[in-house]
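A closer look at the structure
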Amino acid sequence: MRLLLLLLVAASAVARSEASANLGGVPSKRLKMQYATGPLLKFQIWRVFEEYMRVISQRYPDIRIEGENYLPQPIYRHIASFLSIFKLVLIGLIIVGKDPFAFFGMQAPSIWQWGQENKVYACMMVFFLSNMIENQCMSTGAFEITLNDVPVWSKLESGHLPSMQQLVQILDNEMKLNVHMDSIPHHRS
């Protein structure tokens with residue numbers, strides 16, 4: 001019984017942290033390097049980008065690099081939030097032993113009976129299966145890169161990650177273009 005209570009507390013903590021990370025569709029905490037004053041290179045990612053950040057920081061010390069999660073479409077975020085709450089309610093019903101099917105005048109299916117006889121396993125199965133589906137809903141596979149809010153790479157469009165050489169070449173071209181554009185005098189007509 002203590003194990004079930006610990007599982008329920010852990011599940012609610014996970015749900016609270018997920019909910020606070022996605023309040024109002026605001027991205028979770030950003031990784032920032034505040035000491036750089038040059039152009040802003042922004043990575044919108046789902047997975048790690050430390051290798052790219054290390055190489056780019058060495059090659060372009062003036063570029064500020066930010067990383068953030070690329071949020072999925074709102075429908076998938078809502079599905080993940082619903083599953084997070086539904087999971088906790090279902091685990092609570094299993095622990096307490098209440099039959100939700102009786103409320104609707106239905107006979108409980110055999111899987112519910114099994115869950116009542118094997119509460120620990122049923123709670124663990126609900127928790128892990130729900131987390132798996134939630135993670136699938138929140139996964140975008142994105143690796144989006146912008147330089148001063150101008151897109152320079154999109155995995156969603158290209159279908160693959162840029163090689164380090166490709167990324168350095170793109171940045172070299174963009175930086176040369178920016179320097180060239182800054183050196184052109186602006187004439188008013």
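Residues numbered from 1 in each chain as written. Predicted model: local features only at pLDDT ≥ 70, side-chain atom pairs only at ≥ 80, totals over all residues. Heavy atoms only, no water.

The protein has the name Selenoprotein T in an unreviewed UniProt entry, where Ictidomys tridecemlineatus is given as its organism. Within the UniProt record for the protein, the comment given under Sequence similarities (unreviewed entry) is "Belongs to the SelWTH family. Selenoprotein T subfamily." Per UniProt, the protein carries the Catalytic activity (unreviewed entry) text "[thioredoxin]-dithiol + NADP(+) = [thioredoxin]-disulfide + NADPH + H(+)". (UniProt positions renumbered as here; feature names shortened; annotations may be inferred.)

Moving on, we get to the packing of helix α3 (residues 74-96) against helix α6 (residues 119-138). Look at α3 against α6: their axes get within 9 Å of each other, and the N-to-C directions meet at 175°. Here α3 is positioned roughly antiparallel relative to α6, judged by the angle of their axes. From α3, Tyr76, Arg77, Ile79, Ala80, Leu83, Ser84, Lys87, Leu90, Ile91, Ile94, Ile95 and Val96 reach across to α6, where they touch Lys119, Ala122, Cys123, Val126, Phe127, Ser130, Asn131, Ile133, Glu134, Cys137 and Met138. Broken down by class, the residue content of the contact of α3 with α6 amounts to 16 nonpolar, three polar and four charged. (Axes fitted to C-alpha atoms, helices over the stretch in contact; angles between N-to-C directions. Helix = DSSP H or I, 4+ residues; strand = E, 2+ residues; numbered from the N terminus. Parallel < 35°, antiparallel > 145°, perpendicular 65-115°, else oblique. Contact = heavy atoms within 4.5 Å. Nonpolar A, V, L, I, M, F, W, Y, C, P; charged D, E, K, R; others polar.)

In this section: the packing of aromatic side chains. For the structure shown, the criterion picks out four aromatic pairs. For the pair phenylalanine 82 and phenylalanine 86, a centre-to-centre distance of 5.8 Å together with 15° between the ring planes defines the contact as stacked. Within this pair, phenylalanine 82 and its partner phenylalanine 86 are both found in helix α3, separated by four residues, close to a single helical turn. On the accessibility criterion, phenylalanine 82 (54% relative accessible area) is exposed. (Phe/Tyr/Trp six-rings, centres within 6.5 Å; stacked < 30°, edge-to-face > 60°. Buried < 20%, exposed > 50% of the residue type's maximum accessible area, 1.4 Å probe, protein only.)

This part covers the nonpolar core. Grouped together as the largest cluster of nonpolar side chains are 16 residues, with contacts concentrated most on Ile56, Tyr60, Ile145, Leu167 and Leu171. Counting residues per element, the ones that place at least two in this core are α2 (50-59), β3 (143-147), β4 (150-154) and α8 (164-183). Those residues within four positions of tyrosine 60 in sequence are excluded, and the remaining contacts are Val168, Leu171, Asp172 and Met175. (Core = buried A, V, L, I, M, F, W, Y, C linked by side-chain atoms within 4.5 Å.)

On to the environment of glutamate 174, then. Position of glutamate 174 relative to the elements: it lies in helix α8. Relative accessible area serves as the criterion here: at 24%, glutamate 174 is assigned to the partly exposed category. Excluding residues that lie within four positions of it along the chain, glutamate 174 makes contacts with Leu147 and Val152.

Even without glycine at this site, asparagine 148 takes up a positive phi of about 50°. Relative to the assigned elements, asparagine 148 resides in the loop between β3 and β4. The phi angle at aspartate 149 is positive, at roughly 65°, despite the residue not being glycine. Overall, the relative accessible area of 59% leaves aspartate 149 in the exposed class.

Turning to a nonpolar patch on the surface, a few remarks are in order. Residues Ile111, Trp114, Tyr121, Met125, Leu129, Met132 and Ile133 make up a contiguous nonpolar surface patch of roughly 720 Å² in combined accessible area. Within the residue set of the nonpolar patch, elements represented by two or more residues are α5 (110-117) and α6. Tallying contributions element by element places α6 first for the nonpolar patch, with five residues. You can see methionine 132 is positioned in helix α6. (Patch = residues over 30% accessible without salt bridge, like charges linked within 9 Å, V, L, I, M, F, W, Y side chains within 5 Å. Areas by Shrake-Rupley, 256 points an atom, 1.4 Å probe, with all protein chains shown as cover. Salt bridge = Lys/Arg side-chain N within 4 Å of Asp/Glu carboxyl O.)

This part covers α3. Over its 23 residues, α3 extends 33 Å from the first C-alpha to the last, a length consistent with the 33 Å expected when each residue adds 1.5 Å. Every buried residue of α3 is accounted for by Ala80, Leu83, Ser84, Lys87, Leu88, Ile91, Ile94 and Ile95. Glycine 97, located one to two residues past α3, shows a positive phi value of around 90°. (Expected span 1.5 Å × (residues − 1).)

Of the pairings in the sheet, the one linking β3 to β4 comprises four bridges and is antiparallel in character. Along β4, the bridge assignment pairs glutamate 144 with serine 154. (Pairing = 2+ DSSP bridges.)

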